[in-house]
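Spelled out from the first residue to the last, the chains are:
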Amino acid sequence: MCEYPKVFLITYDDGNSEQVLNVPHRLYDSDIEFRKNIISMKCLCCGFESNFQNEDKS
């Protein structure tokens, strides 16, 4: 059993600035547009970490 709720600690780029957010698992699962701007994330429950490279979007 996890001592933390299913929450991701996410570094997010909204186009104007980077932010670090605590995001509930259900929001991450339901919002595809939100996921497109994630730079890195870590699950506070299981410890999973991922970093995303910005690819040329032109």
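Residues numbered from 1 in each chain as written. Predicted model: local features only at pLDDT ≥ 70, side-chain atom pairs only at ≥ 80, totals over all residues. Heavy atoms only, no water.

**Brief notes about the sheet that holds strand E2 (residues 18-24)**
- On the basis of which strands lie adjacent, the open sheet formed by four strands has the order E2-E1-E3-E4 and antiparallel pairing. Two strands lie at the open edges of the sheet, namely E2 and strand E4 (49-51), each paired on one side alone. Neighbour-to-neighbour, the strand axes of this sheet turn through a mean angle of 15°, independent of strand direction.
- In terms of strand pairing, strand E1 (residues 7-13) meets E2 through seven bridges, oriented antiparallel. Opposite Phe 8, over in E2, you have Val 23 as the bridge partner. (Pairing = 2+ DSSP bridges. Helix = DSSP H or I, 4+ residues; strand = E, 2+ residues; numbered from the N terminus. Axes fitted to C-alpha atoms, helices over the stretch in contact; angles between N-to-C directions.)

**A closer look at the pattern of salt bridges**
- Applying the stated criterion across every chain, the model contains one salt bridge.
- With a closest N to O distance of 3.0 Å, Lys 36 and Glu 33 form a salt bridge.
- What makes Lys 36 exposed here is its relative accessible area of 51%.
- Judged by its relative accessible area of 52%, Glu 33 falls in the exposed class. (Salt bridge = Lys/Arg side-chain N within 4 Å of Asp/Glu carboxyl O. Buried < 20%, exposed > 50% of the residue type's maximum accessible area, 1.4 Å probe, protein only.)

**What to know about the packing of aromatic side chains**
- Considering all chains together, one arrives at two aromatic pairs under this definition.
- Its end group placed over the ring of Tyr 28, Arg 35 keeps NZ or CZ at 5.4 Å from the ring centre. (Phe/Tyr/Trp six-rings, centres within 6.5 Å; stacked < 30°, edge-to-face > 60°. Lys NZ or Arg CZ within 6 Å of the ring centre and 35° of its normal.)

**Focus: the nonpolar core**
- Counting residues in hydrophobic clusters, the biggest one holds nine residues: Phe 8, Ile 10, Tyr 12, Val 23, Tyr 28, Phe 34, Ile 38, Met 41 and Cys 43.
- The set of elements that each furnish at least two residues to this core consists of E1 and strand E3 (38-43).
- Filtering out sequence-adjacent residues up to four positions away, Tyr 28 remains in contact with Phe 8, Ile 10, Val 23, Arg 35, Ile 38 and Met 41. (Core = buried A, V, L, I, M, F, W, Y, C linked by side-chain atoms within 4.5 Å. Contact = heavy atoms within 4.5 Å.)

**Some remarks on the environment of Ile 39**
- In this fold, Ile 39 is placed in strand E3.
- Taking C-alpha positions, Ile 39 is 6.0 Å from Asn 51, a pair spaced 12 residues apart along the chain.

**Focus on the pairing of E3**
- Counted residue by residue, E3 has five buried out of six residues, so it is predominantly covered.
- Relative to E3, E1 is paired through five bridges, and the arrangement is antiparallel. Paired with Thr 11 across the bridge in E3 is Ser 40.
- Note that E3 and E4 share three bridges and pair antiparallel.

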